[in-house]
Amino acid sequence: MIGGLFMTVISILDQSPIDDNESVNTGLSRTVELAQVAEKLNYTRYFVAEHHNIKEVVGTSPEILVTHLLNQTNHIRVGSGGVMLQHYSPFKVIEQFHFISHIAPGRVDLGIGKAPGGFPLATQALQEDIKDTPTSFNDKFHRLNQFNNETFSEVDAYSNLKTTIRNEEIQKPQVFLLGGSERSACFAADEKVGFIYAYFLNSDQALLHKAISTYKAHYPEGKIIVALAAVVSENDEDSALIEEGRTNYVLHFNDGRKLTLSSKHQIEDFKKQSSEHFEIEAQQIEVFNGTAESIQQQIQELNIDNHVDEFMFHMPVKNHALRLKTLEQLAQVYNKENLKEGVK
């Protein structure tokens, strides 16, 4: 809300997809183009993902891509969606994003994810030096948050560690936890960080509303972003491309872990790299589609309590022209709505 008026804030999540016959450079150049267009169209932030050894997407290093996009844009916020913390030292991640913040003060966001961002072989390579009993994700995230906010007690040795933000001379990155459950929402609230609900992975409205209510109950001033799949479709060809990206495959392991994959090809790749037993559940994810106006109306139904601070659009198609059209037409609709409400 701005000045008593409700403003619908919109952002982009880009996984930098490519087709089989396209190069990594093509994927990178398209990500830069989309970020620059998003900036011109008043999107609030542009997040890029982390994936490893997955041929359909090219973003293996969000901290480098974030830096590149900051240098190619002027005012849009840029962040990771997200850094897969299980692979890394919390201090190193904060050091990187504090240093990046000097390049573009006040424009850097740090989204943190719990998933591996890849399959067993890549995870093994990334974690070769991690001890046999690794630190839990929640403990690593808490430590990262302490490094970001410098909240160690005086008796803690880590209180003597400093990053390149030494005297509060610039704004620290805003931290978000990526998740898709009420438990993740509660943890984000306890840590007093923003929460991004991955509705494009778990399109369960009842669970979404429960997670949002729990988060706001524990942390009323916190920021809730709903990341959802949306593609403007105007003909049968567009609709066919959307259908290709509508099915996710959830692998259920014996120990209760779950991993979401986006294609049968990825399932076969996973089987080649792991001897673990798992059950496969095909899930139809909700992809908001149709005209930009109809997508806006559909999405607004998710915000029944006006607790959603921002919608982040993920476009699960590889066709660059369709992604660009979606970005442009959704911005036109939302910008018109905000002008109508008197918010500039």
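The model shown is predicted, which means the values in this text are computed figures rather than measured ones.

Secondary structure assignment for the protein yields 11 helices and 12 strands. For 344 residues, the compact-globule formula gives about 20 Å, and the C-alpha radius of gyration of the protein, at 20 Å, lands near that figure. By principal-axis analysis of the C-alpha atoms, the protein measures approximately 60 × 55 × 40 Å. Considering the protein as a whole, with its 344 residues, one finds that 51% of them fall into the buried category. When contacts within the protein are restricted to residue pairs at least 6 apart in sequence, those whose partners lie at least 24 apart make up 75%.

Right, let's talk about the sheet that holds strand β8 (residues 247-253) for a bit. Here we have three strands laid out as an open sheet, ordered β9-β8-β10, and antiparallel in their pairing. The open sheet has two edge strands, β9 (258-261) and β10 (278-284), and neither has a second partner. If you compare each strand with its neighbour and ignore which way they point, the axes differ by 25 degrees on average. Inspection of the sheet shows β8 paired to β10 by seven bridges, in the antiparallel sense. Across the sheet, L251 pairs through a bridge with I280, a residue of β10. Against the sheet, helix α9 (residues 264-273) engages β8, β9 and β10, with an angle of about 25 degrees to β8.

Right, let's get into the confidence of the model for the protein. Counting all residues, the mean pLDDT for the protein is 92, and 96% of those residues have values of 70 or more. Considering only residues more than four positions removed or in separate chains, one finds that residues 1-5, a stretch of pLDDT under 50, has six contacts.

Now for the pattern of salt bridges. In the structure shown here, the tally under the stated rule is 17 salt bridges. The shortest N-O distance in the salt bridge between K172 and E168 comes to 3.3 Å. A residue is classified by how much of its surface remains accessible, and K172, at 14% relative accessible area, is buried. The partner of K325 in a salt bridge is D238, with the nearest N and O atoms 2.9 Å apart. Note that K325 is positioned in helix α11 (residues 320-340) and D238 in helix α8 (residues 236-244), a separation of 87 residues in sequence. Taken individually, K325 and D238 each receive the classification buried, so the pair is uniform in this respect. The network of salt bridges with common partners includes R45, R77, D109 and E310.

Along an α-helix, residues three or four positions apart point the same way, because every turn accommodates 3.6 residues. When we look at burial in helix α6 (residues 182-191), the residues that qualify are A185, F187, A188, A189 and E191. Buried residues along α6 sit against α5 (137-149), β5 (174-179), β6 (194-198) and α7 (205-218). Phi turns positive one or two residues past the end of α6, at K192, with a value near 55 degrees.

Attention now goes to unusual backbone geometry. Of the consecutive residues G81 and G82, the connecting peptide bond is found in the cis state with omega at 5 degrees. With respect to the helices and strands, G82 occurs in strand β3 (residues 77-84). Despite not being glycine, E150 shows a phi value in the positive range, around 55 degrees. Locating E150 in the fold gives a position in the loop between α5 and β5. One non-glycine residue with positive phi stands out, namely E168, at about 55 degrees. Residue E168 is classed as exposed on the basis of its relative accessible area, which comes to 53%.

All told, the structure shown has 16 aromatic pairs when counted by the stated rule. For the pair F91 and F147, a centre-to-centre distance of 4.9 Å together with 50 degrees between the ring planes defines the contact as tilted. Residue F91 is located in helix α3 (residues 90-103), and its partner F147 is located in helix α5; the two are separated by 56 residues in the primary sequence. Where F195 meets Y215, the ring centres are 6.1 Å apart and the plane angle is 25 degrees; that geometry is what we call stacked.

Burial in helix α2 (residues 62-72) covers these residues: P62, L65, V66, T67, L69 and L70. Close packing links the buried residues of α2 with α1 (24-40), β2 (45-48), β3, α3 and β4 (108-113).

For the rest of this paragraph, the subject is the packing of α1 against α2. With their axes 10 Å apart at the nearest point, α1 and α2 run at an angle of 50 degrees to one another. Between α1 and α2, the interaxial angle falls into the category oblique. Here α1 runs over α2; the crossing is right-handed. Where α1 abuts α2, its residues L28, T31, V32, A35 and Q36 lie against L65, H68, L69 and Q72.

As for its placement among the helices and strands, Q72 is situated in helix α2. On a C-alpha basis, the gap between Q72 and E33 in space is 9.1 Å, while along the polypeptide they are 39 residues apart. Ignoring anything within four residues of it in the chain, the contact list for Q72 reads V32 and Q36.

Rules used in this analysis
Residues numbered from 1 in each chain as written. Predicted model: local features only at pLDDT ≥ 70, side-chain atom pairs only at ≥ 80, totals over all residues. Heavy atoms only, no water. Helix = DSSP H or I, 4+ residues; strand = E, 2+ residues; numbered from the N terminus. Rg over C-alpha atoms; globule rule 2.2 N^0.38 Å. Buried < 20%, exposed > 50% of the residue type's maximum accessible area, 1.4 Å probe, protein only. Contact = heavy atoms within 4.5 Å. Pairing = 2+ DSSP bridges. Axes fitted to C-alpha atoms, helices over the stretch in contact; angles between N-to-C directions. pLDDT = per-residue confidence, 0-100. Salt bridge = Lys/Arg side-chain N within 4 Å of Asp/Glu carboxyl O. Phe/Tyr/Trp six-rings, centres within 6.5 Å; stacked < 30°, edge-to-face > 60°. Parallel < 35°, antiparallel > 145°, perpendicular 65-115°, else oblique. Left-handed = near helix turned anticlockwise from the far one by under 90°.

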